[in-house]
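Overview (structure and organization)
Residues per chain are reported as follows:
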Amino acid sequence: MAQADVWQTPLIYLKGVGPRRAEVLQSELKISTFEELLEHFPRRYLDYAHITPISQARLDQEAVFRGRLGPFQVRPIAGERRAILTTTLYDGQAWMQLIWYQGWEWVRQKFSAGQEVLAIGRPTYKKRTLQLSHPDLILLTDGRLPQDFLRVYPLYPLTEKLRQAGLDNKRFRMLFEELYRLTHFQKEDPIPESIRAQYGLLSLSEALRALHLPTSVEEAEKARYRFKFQEFFLLQVLLIRRKHFLKTQYTAPSFTQAGPLVSEFYEKHLPFPLTEAQKRVIREIRRDMALSVPMNRLIQGDVGSGKTIVALFAALIAMGNGYQVALMTPTEVLAEQHARSFRRWLSPLGIGVGLLLGSTPLAQKRRLITKLATGELSCVIGTHALFQKGVHYHRLGLTIIDEQHKFGVKQRAALWEKAHPYRPHNLLLTATPIPRTLALSVYGDVDVSIIDELPPGRQPVKTYIRTEAQRREVWNLLQAELQKGRQGYVIYPLVEESEKTDLKAVEEGFELLRKTFPAYSIGMVHGRMSSERKEREMNLFKLGQTQILVATTVVEVGVDVPNATVLIVEHAERFGLSQLHQLRGRVGRGAYPSYAIFMAQTDLSEAALNRLQALAQYNDGFRIAEIDLKLRGPGDFLGTKQSGLPDFKIADIIEDQAILRQARQAAEELIAHDPTLVLYPTLQSYLSRYVEKYSLELFTA
Ligand code: ADP
Ligand code: MG
């Protein structure tokens, strides 16, 4: 039988696994083959040589304790069917309580008072008592571990159902011993040998043995290191290979000269001196566009960092070389806003700008489309309308996509297709900063530029964290600004567009504001409205016809109303920090001093309050993103749906940044010398499995 087939053997063929256990392994852990069992990682290792005296227990630090069990007590919980099981552990000097809140039948069956055990867990303090809740217990006989017990013992993540089926740590250990006897863990390694040698990694077989049957904790750590590396490496190879193919398979028009428009604009019409960061990014774009390899560059820059004029320079290069430019935005408001800026900047050069929206009247749309097809129009700005079926371009040389994460891979690709047989150069813009290491995984297949400097003279938004008790003061501030002729936003959280209670909060907020500020007109936008209605409400606010806009986070995306100086966010604790920072960017866009007030619940925990204080403390989106990422983890930070990140099983994208960098470097070297990976069939098969497993939608099409 071929090697690979052995690993696909159903677990029922492993000694120690019967039909019942096979079923529980499948339902609890989604494990059904030899191979999947191997990939079940221990959550930690117990080194029973390191026993902590109970008197030296440290709170929240997992440790091994050794002592005798006291009598067991079952206490019912009032009003519930389940009961609590408690006992004590005494080590001759001190004692602690052991407690199980549910599913403790197995404890009662296996253990009794007076027995000597090892108890492993994380001590906590409750009601002045040192406690271990749901500890792992290992029975000692005559003060010794069971005979077959190694000094280093892997502890697997276990559930109650697994335990009830007899699948405890000891059983897992036996299963791995049996599996080792059958296979010696001989499995082809996806990581090429040269890379293993260079980065000091155990081979797959060695690592599997050290992982499941370790002889020391150090060895087990080396195995874990290797698997972390492997997880990062697989993703990085995919991303870098993608990037490589994009650059070699497609051709873009190469603009070896910046063209006449750049110098004319720069010398005669530049509205303000560029920041150093803007100049640097423009140079990077200029270099990319000189090549016949399609540019695929993402500009990350905080709100207000001036990405639009950077995009304009890219447009000037393309147009100056006789090519067309399409700038796509997720909303019509944003498209109109960009059209205004581009028209202001391009009219002195005698260049017209078309605006193509879903709502553009048909006759006008037709005229625009004709002009694009003939090449009479060289710059068009719009929404999804830009890549609709009937739209053809004469010579599309550059696409710019603002708030790129609002578009799917297919939508971006649909626009790029319009340049056929070329690929256009692509510029992607985002105001959602992502910390660098995370960017390596999320945007691993594009080049990233960062505008990390705000234009001079910006007044930082004064930021306050307030509670309900200070409501009057908050309304007074809004009132004072309205009296000066300014405008304000009041934002309510809307976690799910479908959550009725959230919608109710917005509507009630709207009523409350109407009562509190009867002299002013108040608008409302939320995600349940039709997009036309949303646009209309936004425009009324933009034109100053409404003074207060009550909204959900739909206003997050790039609305520019320089006259708005107050932002009040209700229930700020329900938002991510990065999102709050984005919201804050809605004010402070004009010459006036501006205010952001984050309303927090009165009984907020100190940790939650500190989290919000970070906003009052920092104004830098990258800094805030880093804090946010640390606090919430990558899944919540990115929002699982759009993250494009697989769930790493063992690697931690924050803790293991150093390993990530190495894995990326290794992947780069590998793709540079064998982009098709013909020499690495094992790696290839791992990669295809990986893509399938995570249904990875990679960043570029
Ligand atoms: P964002 O990066 O959020 O898209 P914009 O491009 O809309 O930012 O720029 C925000 C504001 O700052 C605009 O009014 C723009 O004209 C202005 N601006 C951009 N760059 C500079 C600069 N170097 N000096 C002064 N003002 C600038
Ligand atoms: Mg913008």
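Residues numbered from 1 in each chain as written. Chains lettered and ligands numbered in written order. Predicted model: local features only at pLDDT ≥ 70, side-chain atom pairs only at ≥ 80, totals over all residues. Heavy atoms only, no water.

1. Focus on the pairing of strand β15 (residues 396-401)
Summarising burial for β15: 6 of the 6 residues are buried, a large majority. Following the chain from β15 across helix α15 (residues 409-417) to the adjacent parallel strand β16 (residues 425-430), one finds a crossover that is right-handed. (Buried < 20%, exposed > 50% of the residue type's maximum accessible area, 1.4 Å probe, protein only. Helix = DSSP H or I, 4+ residues; strand = E, 2+ residues; numbered from the N terminus. Right-handed = clockwise from strand over helix to strand, strands pointing away.)

2. Structural notes on the packing of aromatic side chains
Evaluation of the coordinates by the stated rule reveals 13 aromatic pairs. Relative to F185, the ring of Y180 lies with its centre 5.0 Å away and its plane at 75 degrees, an arrangement referred to as edge-to-face. With relative accessibility at 27%, the residue Y180 sits in the partly exposed group. Relative to F517, the ring of W475 has its centre 5.6 Å away and its plane inclined at 90 degrees; by these criteria the two rings are edge-to-face. Taken together, the positions of W475 in helix α17 (residues 471-483) and F517 in the loop between α18 (500-516) and β20 (522-525) put the pair 42 residues apart, joining distant regions of the chain. Owing to a relative accessible area of 10%, W475 belongs among the buried residues under this scheme. (Phe/Tyr/Trp six-rings, centres within 6.5 Å; stacked < 30°, edge-to-face > 60°.)

3. Some remarks on the pairing of strand β23 (residues 595-600)
Judged by how many residues are buried, β23 sits mostly within the fold: 6 of 6 residues are covered. Neither face of β23 is exposed, since Y595, I597 and M599 on one face and A596, F598 and A600 on the opposite face are all buried. The pairing of strand β18 (residues 462-467) with β23 spans 6 bridges and is parallel. If you follow T467 over to β23, its bridge partner there is A600. Here strand β22 (residues 564-569) pairs with β23 via 4 bridges, running parallel. In the sheet register, V566 faces β23, and the bridge partner there is Y595. (Pairing = 2+ DSSP bridges.)

4. Quick notes on the site of ligand 1
The full set close to ligand 1 counts 14 residues, and Q278, G304, K307, T308 and R458 are the nearest of them. K307 places a polar side-chain atom, nitrogen or oxygen, 2.7 Å from an oxygen atom of ligand 1. Protein contact buries 76% of the 560 Å² of open area that ligand 1 shows by itself. For the shell around ligand 1, the class distribution of residues is 5 nonpolar, 6 polar and 3 charged. (Near = heavy atom within 4 Å. Polar contact = N/O pair within 3.5 Å; in protein donor to acceptor, adjacent residues only side chain to side chain. Areas by Shrake-Rupley, 256 points an atom, 1.4 Å probe, with all protein chains shown as cover. Nonpolar A, V, L, I, M, F, W, Y, C, P; charged D, E, K, R; others polar.)

5. Quick word on the sheet that holds β20
Across the sheet, 6 strands lie side by side as β18-β23-β22-β19-β21-β20; this open sheet has parallel pairing. The strands lining the two open edges of the sheet, one partner per strand, are β18 and β20. Going from strand to strand, the sheet's axes swing by 20 degrees on average, the running direction of each strand aside. One ladder, built from 5 bridges, connects strand β19 (residues 487-491) with β22; its direction is parallel. The residue bridging G488 from the neighbouring strand is V566, located in β22. (Axes fitted to C-alpha atoms, helices over the stretch in contact; angles between N-to-C directions.)

6. A look at the domain arrangement of the protein
Here the protein is described as being made up of domain 1 (50-150) and domain 2 (461-618). Here the C-alpha centroids of domain 1 and domain 2 sit 51 Å apart. (Domains from an automatic or database assignment.)

7. Digging into the sheet that holds strand β17 (residues 447-451)
Sheet architecture is open: 7 strands sit in the order β13-β14-β12-β15-β16-β11-β17, paired in parallel fashion. The outermost strands of the open sheet, each flanked by one partner alone, are β13 (354-356) and β17. The average angle at which neighbouring strand axes cross in this sheet is 20 degrees, direction not considered. Two elements, strand β11 (residues 296-301) and β16, share 5 bridges in a ladder whose sense is parallel. Bridge pairing links L298 to L428 in β16. Helix-sheet contacts for helix α13 (residues 332-346) involve β12 (324-328), β13 and β14 (379-382), and the interaxial angle to β14 is about 155 degrees. (Contact = heavy atoms within 4.5 Å.)

8. Things to note about the side chain of R486
Residue placement: R486 occurs in the loop between α17 and β19. For the buried R486, no salt bridge is present, and the opposite-charge side chain at shortest range is E481, 5.6 Å distant. Of note is the side chain of R486, whose polar atom sits 2.8 Å from the side chain of N563. Excluding residues within four positions of it along the chain, R486 makes contact with E481, N563, T565 and Y592. (Lys, Arg positive; Asp, Glu negative; His and termini not counted. Salt bridge = Lys/Arg side-chain N within 4 Å of Asp/Glu carboxyl O.)

9. As for the packing of helix α8 (residues 204-212) against helix α9 (residues 217-249)
It is at 8 Å that the axes of α8 and α9 come closest, and there the two elements cross at 125 degrees. One finds that α8 runs oblique with respect to α9. In this structure, α8 crosses over α9, and the sense of that crossing is left-handed. Along its contact with α8, which presents L204, A207, L208, R209, A210 and L211, the element α9 presents E219, A220, A223, R224, R226, F227 and Q230. Classifying every residue of the contact of α8 with α9 by side-chain character gives 8 nonpolar, 1 polar and 4 charged. (Parallel < 35°, antiparallel > 145°, perpendicular 65-115°, else oblique. Left-handed = near helix turned anticlockwise from the far one by under 90°.)

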